[in-house]
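Breakdown of the fold
Next come the chains, spelled out residue by residue.
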Amino acid sequence: MDSSLRTWIRSGVPWVWLNAAAVTASIALVAGLLLLIAARGLGHFWPAAVHEIVYQQADGSRLKLAGQLGSREHVLAARLTEAGREIPEGVETVERMLLKTGNRDLIGTDFRWIYEPSMLQVTQPVSMVVLEREEWGAFFGRLVGLRQDGELLESRDVWADFLGLLERTTQLRVQIRDLEKGAIGRVNFRLERLRLDERQLQLDNVTDPARFADIERQRAELESEYRVLERELVALNEAIRRDAVIMQTSDGQEVELPMQSIVDAWMPNAMGGFERVGHYFRKAWSFLTDDPREANTEGGIFPAIFGTILMVLLMTVVVTPFGVVAGVYLKEYAKQGVLTRIIRIAVNNLAGVPSIVYGVFGLGFFVYTLGGSIDQLFFEAALPSPTFGTGGLFWASLTLALLTLPVVIVSTEEGLARIPRSIREGSLALGATQWETLWRTVLPMASPGIMTGLILAVARAAGEVAPLMLVGVVKLAPSLPLDGNFPFLHPERKFMHLGFHIYDVGFQSPNVEAARPLVYATALLLVVVILLLNMAAIHVRNGLREKYRGLET
Amino acid sequence: MRWLIAIGGVAVIWAVVLIFFYLMWVVFPLFLPAQTRLVDGPAVPGWRDSGPVYLAVEEQQEVGLRLSTAGQLSFFDVASGRSLQESQLPVGQGADRGADRGADRGAGLALAAEAVERNGMVAAASTDGEVIVFRHRYETRFAGGVESRIIEPVLEYPYGEAPLLDLAGAAPSALAVSDNATGLLLATASADGRVRVNFARKNENFLSGEVELAPDVREMRVDYPLGGLAVSGNQRWLYVGDLDGRIHRYSLPGLELEQTIEVSAAGISSIGMLLGGISLLVGDNAGVISQLFPVRDENNEYSLVLVRQFDSLDSPIVRILPEERRKGFLVLTAGGEAAIFHSTAGRLIERVSLAALQPAALALAPRADGLLIEGRVIDAEGPRLSRLEIENEHPEISFSSLWRKVWYENYEKPEYVWQSSAATNEFEPKFSLTPLVFGTFKAALYAMLFAIPLALMGAAYTAYFMSPELRKWVKPGIEIMAALPTVILGFLAGLWFAPWVEENLAGLFMLLLCIPPGLLAFSWVWHRYDTRLKDRVPDGWEPLLLLPVLLLCGALALWLAEPVQAVLFGGDLRAWLSETAGISYDQRNALVVGCAMGFAVIPTIFSIAEDAVYGVPRSLSYGSLALGATPWQTLVYVVLPTASPGIFSALMIGLGRAVGETMIVLMATGNTPVMDWNLFEGMRTLAANIAVEMPESEVHSSHYRILFLAALVLFLFTFVVNTGAELIRQRLRVKYSAM
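Please read all numbers here as calculations on a predicted model, not as lab measurements. (Residues numbered from 1 in each chain as written. Chains lettered and ligands numbered in written order. Predicted model: local features only at pLDDT ≥ 70, side-chain atom pairs only at ≥ 80, totals over all residues. Heavy atoms only, no water.)

Before going further, it helps to examine the overall build of chain B. Across its full length, chain B holds 15 helices and 32 strands. Compactness check: chain B gives a C-alpha radius of gyration of 36 Å against a globular reference of 27 Å for 739 residues, more than 25% above the reference. A principal-axis box enclosing the C-alpha atoms of chain B has dimensions of 125 × 75 × 55 Å. Out of the 739 residues belonging to chain B, those deemed buried represent 54%. Long-range pairs, those at least 24 residues apart, make up 57% of the contacts in chain B with a sequence separation of at least 6. Only carbon and sulfur atoms are counted for the fraction: they give 57% of the accessible area of chain B, which is about 31,700 Å². (Helix = DSSP H or I, 4+ residues; strand = E, 2+ residues; numbered from the N terminus. Rg over C-alpha atoms; globule rule 2.2 N^0.38 Å. Buried < 20%, exposed > 50% of the residue type's maximum accessible area, 1.4 Å probe, protein only. Contact = heavy atoms within 4.5 Å. Areas by Shrake-Rupley, 256 points an atom, 1.4 Å probe, with all protein chains shown as cover.)

Next up, the structure:
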């Protein structure tokens with residue numbers, strides 16, 4: 001037994017097992033990470049039950065609390081006695097749970113730790129209502145009544161009437177937003193244009209009064225248009241302020257909430273299985289399509305998704321020609337020698353440079369130097385307020401194009417390398433020039449390789465945050481870079497980005513605890529998108545590898 | 001067409017070159033020397049009759065102020081010397097005192113001193129010892145457009161026109177004033193050793209907003225030859241210099257001698273306070289300037305310490321002019337030389353000889369971009385006004401201020417500190433890159449410690465032992481690991497892993513201790529016992545078999561953590577660390593960063609090392625096996641050495657990646673620039689520092705350029721590492737194809 005152990009150790013097999021364990025550990029870590037994000041992210045939209053708890057406080061008084069129970073942890077009894085609580089003898093650890101009490105406007109905080117031994121009674125009353133609001137976070141309570149124009153409303157089914165009023169409020173809210181962002185936004189945009197035109201006339205020292213009069217006339221038109229819209233807006237605002245709902249919290253307090261502030265409402269304890277699933281998908285959809293609220297800690301992430309997609313598109317437009325041309329040059333045209341070695345070293349360096357250096361370069365060179373010059377030449381009227389002299393969509397796309405250039409070059413090269421020489425030689429033998437061979441035969445065949453490169457570049461750009469922090473991404477962008485006002489695409493505007501959104505909500509939020517599920521959900525979305533892109537790239541690359549295996553000599 | 005493509009191809013090189021040269025171009029001005037240019041100005045005949053007591057110039061260097069020995073205060077246009085506004089100071093000759101108007105009192109002005117706070121307050125002392133305080137400020141008006149700027153000077157007497165202090169007829173030889181929100185402090189002394197101080201408290205009338213002074217005049221006599229006076233900015237201390245080379249520190253308002261310190265054997269010729277009123281500058285007859293400031297000792301008592309001395313100018317220091325907005329200063333020597341210094345950088349920046357101008361009065365512009373000089377009267381035309389244009393953008397940067405320990409104001413000893421900005425102008429910027437570089441390497445080191453074993457061992461196994469079917473799944477798995485954005489890794493590390501580690505520190509260490517022995521035990525059991533199960537698991541599928549074992553061992557380790565912790569550490573490892581071992585613990589620390597960044601770096605090292613090992617020709621390993629070696633021995637003694645250049649380049653690239661990583665460090669450390677190898681404390685790295693501070697730095701300032709310098713350092717490091725790795729890999733490719 002001893003000798004075989006010694007031989008077993010000396011043969012080195014235990015080390016092989018440890019090496020195998022290293023692989024297992026790495027894969028397990030990746031899988032564990034993905035599962036963690038999935039578990040916490042997917043749970044965000046599920047309508048959790050609302051509990052009502054009769055709780056005994058430290059001073060012996062009883063309190064009725066309502067809320068959603070969250071994580072639990074063990075606390076050492078010693079720590080509690082230090083804080084002043086009475087702990088019976090012989091108890092080493094006490095379990096405590098995090099209760100999301102909501103009602104921040106009444107209580108002051110969203111969360112509260114409660115100790116298990118002090119929870120005297122826990123129920124899930126069917127009549128508990130969850131309200132999702134525009135401000136102050138969630139509200140947990142019971143529906144008491146409705147008010148219209150200050151008058152109490154008689155109704156037989158308060159809940160159904162409430163839902164009806166909520167529907168009306170939601171429609172009005174959409175109308176108000178469309179009016180504000182659409183029509184009034186257009187008027188403001190044109191007024192700003194006129195101001196810049198006028199300033200440009202002043203800078204050009206134009207004294208012709210007719211030009212100024214023309215601008216004044218247009219301005220007067222726009223202002224009268226605005227007055228009409230404003231009246232409409234006032235009417236809508238009055239209409240939306242008509243209704244209010246009376247809610248009662250678990251500890252008996254009655255509050256009147258304007259319907260205007262309520263975004264959604266549901267009774268989680270009364271929902272059946274199908275309703276919950278329906279609610280889940282509805283919430284997931286609104287997460288993807290709504291705008292953020294409450295300093296990004298609630299609501300949806302649509303502008304971040306839109307900004308990321310737009311930036312990635314712009315980046316692709318810039319990086320594809322450069323990357324493909326460089327890859328083609330390296331593979332097809334250049335003689336393998338010192339020059340190609342230097343170019344390959346340069347490509348490797350571009351790949352290895354830390355992303356923050358790209359951000360610094362983008363900020364200094366693109367934004368301040370190039371952007372400042374562009375402002376001086378073309379946007380003098382807007383100065384001292386910078387147009388391109390500050391971070392924006394265009395500069396961010398350029399910076400990321402520079403960052404992902406090596407990925408495209410390497411993939412293009414790989415794609416071209418897979419195509420057997422026989423095809424090129426056949427085409428040349430038939431009389432085509434090198435350029436024609438390339439353009440008509442080789443490049444189309446290599447396009448899956450190029451596509452792999454683009455997909456990997458897009459995946460990289462969606463997740464890269466450090467350089468974007470410096471060149472144009474913001475916490476909250478007032479408008480999208482693409483809208484209905486000419487020239488429709490505004491590359492100087494700042495935008496929101498999915499990766500930066502995760503950083504911002506997780507670390508720069510006023511209320512990190514409440515925002516945490518949202519961070520996980522956004523992270524899940526980002527990870528899913530990137531994984532899908534990478535798997536698509538791998539699939540395309542594998543297909544390419546198989547396709548030409550037979551042709552290889 | 002060919003040329004177009006060639007240009008596109010070569011453009012990649014140009015991109016790298018452009019980045020490098022742009023970074024250099026932004027960093028370069030940090031190391032440029034200061035430039036000065038002497039510009040002649042007009043002669044002012046109106047000043048012929050009385051010499052200057054005080055000269056000042058405003059921010060745009062268009063309007064200046066001259067106070068003459070006759071008590072005449074004139075605002076003048078700097079370019080032409082033309083007088084803009086004249087008034088008579090109500091002290092000395094021709095003082096307007098009502099009944100005494102017109103009586104020739106025969107007194108003129110002797111001295112003037114600016115308030116330590118540089119807020120426009122000036123104290124002027126007459127030859128018979130009366131001191132009054134006035135304020136000069138400048139209002140800017142624009143009639144239309146920037147070109148039509150008009151600067152209007154305003155003269156005020158915020159505390160009245162009556163003298164606030166007097167020496168009872170003795171001639172003053174020194175004057176100092178401090179004016180802050182709570183009090184006005186005036187100190188004057190005569191040559192025979194009499195020192196008088198008015199420590200006036202301000203009372204603001206709530207209703208009318210007027211400020212009233214409650215005077216508190218004290219006097220003392222000193223028995224040494226009095227050289228100069230200075231008051232500290234916090235109005236706690238009075239510094240008196242004696243001509244024998246000592247500084248005496250007195251407390252205020254009690255005027256008790258607290259300390260005497262020997263500063264210079266050559267004898268003190270001039271003293272002044274630096275911006276902020278903390279540092280005392282002492283110039284001696286040998287041309288050496290010394291800087292002293294109060295340092296707190298263990299008993300919480302302050303004492304003046306000589307902190308640094310500057311290069312000698314070989315001629316007695318006649319005048320010290322501190323800059324209004326930076327911690328630099330300009331001195332004038334008896335030989336007529338003007339020299340610019342910076343205190344934090346501890347260096348002499350530029351010397352210029354003004355001897356030809358015979359300077360009688362100097363005024364340093366608020367932005368320290370110009371020096372106004374009034375020369376002595378030589379002819380009937382009157383004294384000449386000259387200007388020295390100064391371009392001194394980045395005086396605080398020197399090799400020692402960037403890389404060595406610096407003794408900053410209010411610190412007890414020289415330290416490495418990075419603290420780039422604060423709320424006020426009086427702040428001393430602390431730009432030491434050492435804590436940042438240290439932090440970068442600390443983070444990279446711990447990350448590599450975590451990543452190298454996992455990555456190299458995994459790569460060796462995947463390339464050499466693993467079955468091809470499993471390898472087809474594992475390689476994309478590692479690629480997915482590489483594709484995970486670092487934002488996600490960072491936020492998980494900061495929001496989930498760091499709190500978990502803090503709660504389960506013992507559990508984490510148990511995992512490290514229990515899992516390898518557990519795995520080895522399982523592999524021994526597997527080896528010893530022949531079961532049918534073994535036949536069903538083919539060679540090369542060990543990782544899959546180990547997965548349940550790994551999870552089981554992990555769960556066991558975490559379950560054992562509680563009892564082990566109770567036995568060894570009294571129940572709480574974390575508390576034991578802080579209380580018994582004295583090791584401080586931050587929630588977001590190097591351990592968390594090491595794991596998170598290690599996770600990010602593993603795929604980089606893994607793929608390159610795996611390619612290297614996979615590329616070793618099979619013939620080599622077949623030969624070794626044929627000679628009787630075991631597969632493990634073949635791997636270690638034949639394959640790995642052959643692939644070692646590739647593995648080395650993998651490590652280099654991994655290191656480059658670890659050094660440049662930003663988001664994980666930003667989110668998983670506390671971002672505090674501390675220099676400590678402690679595993680349980682945070683750090684700040686170069687990359688995270690750039691990300692945090694760049695959006696808030698003033699464009700083209702020293703701070704901005706230093707951040708670019710940090711980016712340049714990162715760029716150069718990764719350039720060297722990547723180029724080296726690529727050259728090694730290219731050579732390896734050639735070597736393999738030859739085999």
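Here we take up the overall build of chain A. Looking only at helices and strands, one finds 16 helices and 13 strands in chain A. In summary, chain A has a C-alpha radius of gyration of 31 Å against a globular reference of 24 Å for 553 residues, an excess of more than 25%. With the C-alpha coordinates of chain A rotated into their principal frame, the extents come out at 110 × 90 × 45 Å. When the 553 residues of chain A are sorted by exposure, 48% land in the buried category.

Over its 26 residues, helix α11 (residues 393–418) of chain A runs 36 Å from end to end, which matches the ideal 38 Å to within 8%, given 1.5 Å per residue. Its maximal kink placed at Thr-404 of chain A, α11 of chain A deviates by approximately 45°, while the proline Pro-406 of chain A follows within four residues. (Expected span 1.5 Å × (residues − 1). Bend = angle between axes of the 7 residues up to and from the residue.)

It is worth spelling out the packing of helix α10 (residues 590–614) of chain B against helix α12 (residues 631–660) of chain B at this point. Residue and element names in this part refer to chain B. The contact between α10 and α12 brings their axes to 8 Å, and the two run at 150°. The orientation of α10 with respect to α12, classified from their angle, is roughly antiparallel. The handedness of the crossing between α10 and α12 is right-handed. Residues Met-597, Ala-600, Val-601, Thr-604, Ile-605, Ile-608, Ala-609, Ala-612 and Val-613 of α10 form the contact with α12, whose participating residues are Val-639, Leu-640, Ala-643, Gly-646, Ile-647, Ser-649, Ala-650, Leu-651, Ile-653, Gly-654, Arg-657 and Ala-658. (Axes fitted to C-alpha atoms, helices over the stretch in contact; angles between N-to-C directions. Parallel < 35°, antiparallel > 145°, perpendicular 65-115°, else oblique. Left-handed = near helix turned anticlockwise from the far one by under 90°.)

Residue and element names in this part refer to chain B. Residue position: Leu-709 is located in helix α15 (residues 702–738). For Leu-709 and Leu-23, which are 686 residues apart along the polypeptide, the C-alpha to C-alpha distance reads 7.4 Å. In this structure, Leu-709 is in contact with Val-27, Phe-31, Leu-402 and Leu-433, ignoring residues within four places of it in sequence.

Moving on to the domain arrangement of chain B. What the domain assignment lists for chain B is domain 1 (52–95 + 105–221) and domain 2 (443–501 + 587–736). The distance between the C-alpha centroids of domain 1 of chain B and domain 2 of chain B comes to 65 Å. (Domains from an automatic or database assignment.)

Moving on, we get to the packing of aromatic side chains. Pairs of aromatic rings are described using the distance from one ring centre to the other and the angle between the two planes. Under the criterion given, the structure shown has 49 aromatic pairs over all chains. Ring centres of Phe-310 of chain B and Phe-329 of chain B lie 5.3 Å apart, and the angle between their planes is 80°; this geometry places the pair in the edge-to-face category. You can see Phe-310 of chain B sitting in the loop between β23 (302–309) and β24 (317–322) and its partner Phe-329 of chain B sitting in strand β25 (residues 328–333), a full 19 residues away along the chain. The class for Phe-310 of chain B is buried, based on a relative accessible area of 4%. For Phe-329 of chain B, a relative accessible area of 0% translates into the label buried. Measuring from centroid to centroid gives 5.8 Å for Trp-418 of chain B and Phe-431 of chain B, while their planes differ by 55°, and the two rings are tilted. Taken together, the positions of Trp-418 of chain B in strand β31 (residues 418–419) and Phe-431 of chain B in strand β32 (residues 430–431) put the pair 13 residues apart, joining distant regions of the chain. Overall, Trp-418 of chain B belongs to the buried group, its relative accessible area being 5%. Phe-431 of chain B sits in the buried class, given a relative accessible area of 5%. Feature note: the residues Phe-361, Phe-365, Phe-366, Tyr-368, Phe-379, Phe-388, Phe-394 and Trp-395 of chain A together with Tyr-22, Trp-25, Tyr-704 and Phe-708 of chain B constitute an aromatic cluster, connected by ring pairs. (Phe/Tyr/Trp six-rings, centres within 6.5 Å; stacked < 30°, edge-to-face > 60°.)

Here we take up the sheet that holds strand β4 (residues 72–77) of chain B. What holds strands together in a sheet is hydrogen bonding between their backbones, with the strands either parallel or antiparallel. Residues and elements named next belong to chain B. Within the open sheet, the four strands sit side by side as β2-β3-β4-β5. Their pairing is antiparallel. Every other strand in the sheet has two partners, leaving β2 (52–57) and β5 (83–88) as the edge strands with one partner each. Strand after strand, the sheet turns through a mean of 15° between neighbouring axes, direction not considered. As paired elements, β4 and β5 share five bridges and run antiparallel to each other. Residue Leu-73 lies in a different strand from β5, and its bridge partner there is Ser-87. (Pairing = 2+ DSSP bridges.)

Right, let's talk about the pattern of salt bridges for a bit. Residues and elements named next belong to chain A. Counted under the stated rule, the structure contains 59 salt bridges over all chains. Residue Glu-221 is joined to Arg-217 by a salt bridge in which the shortest nitrogen-to-oxygen separation is 3.2 Å. Placement of the pair is Glu-221 and Arg-217 together in helix α6 (residues 209–240), with a separation of four residues, close to one helical turn. Here the salt bridges do not stand alone but share partners, grouping Glu-132, Asp-264, Arg-282, Lys-283, Arg-293 and Glu-298 into one network. (Salt bridge = Lys/Arg side-chain N within 4 Å of Asp/Glu carboxyl O.)

Residues and elements named next belong to chain A. Enumeration according to the criterion identifies three cavities of 30 Å³ or more in this entry. By volume, the largest cavity amounts to about 70 Å³. In terms of lining residues, the largest cavity is bounded by Ser-411, Glu-414, Gly-415, Arg-418, Pro-448, Gly-449, Thr-452, Arg-541 and Leu-544. Broken down by element, the residue count for the lining of the largest cavity peaks at four residues, all from α11. (1 Å grid on protein atoms, 1.4 Å probe; cavity = no way out; pocket = protein on both sides within 12 Å on 5 of 7 lines; lining within 4 Å. Points joined across faces, edges and corners; volume = space filled by probe spheres on them.)

A few words now on the pairing of strand β8 (residues 130–142) of chain B. All names here are of chain B. Judged from the five bridges that link them, strand β7 (residues 121–126) and β8 form a sheet pairing that is antiparallel. Bridging from a neighbouring strand, Val-122 pairs with Phe-134 of β8. Counted along the chain from β7 to the antiparallel partner β8, the turn is three residues long, and its residue Gly-129 has a positive phi close to 90°. Pairing geometry for β8 and strand β10 (residues 165–166), over two bridges, is antiparallel. Each bridged residue has a counterpart across the sheet, and for Val-131 the counterpart in β10 is Leu-165. As judged from the eight bridges shared by β8 and strand β9 (residues 149–156), these two strands associate in the antiparallel manner. Residue pairing in the sheet places Arg-141 in a bridge with Ile-150 of β9.

Right, let's talk about the interface of chain A and chain B for a bit. With 88 residues of chain A at the interface, the matching set in chain B holds 90 residues. Taken together, both faces of the contact between chain A and chain B bury some 7,900 Å²; the carbon and sulfur share is 80%. Linking chain A with chain B are one salt bridge, by the criterion used here. Here Glu-479 of chain B makes a salt bridge to Arg-541 of chain A, at a shortest N to O gap of 3.6 Å. Counting every contact that joins chain A to chain B gives 10 residue pairs in polar contact (both at pLDDT 80 or more). Partitioning the side of chain A that touches chain B into residue classes produces 65 nonpolar, 16 polar and seven charged. (Buried area = accessible area lost by both parts, 1.4 Å probe. Polar contact = N/O pair within 3.5 Å; in protein donor to acceptor, adjacent residues only side chain to side chain. Nonpolar A, V, L, I, M, F, W, Y, C, P; charged D, E, K, R; others polar.)

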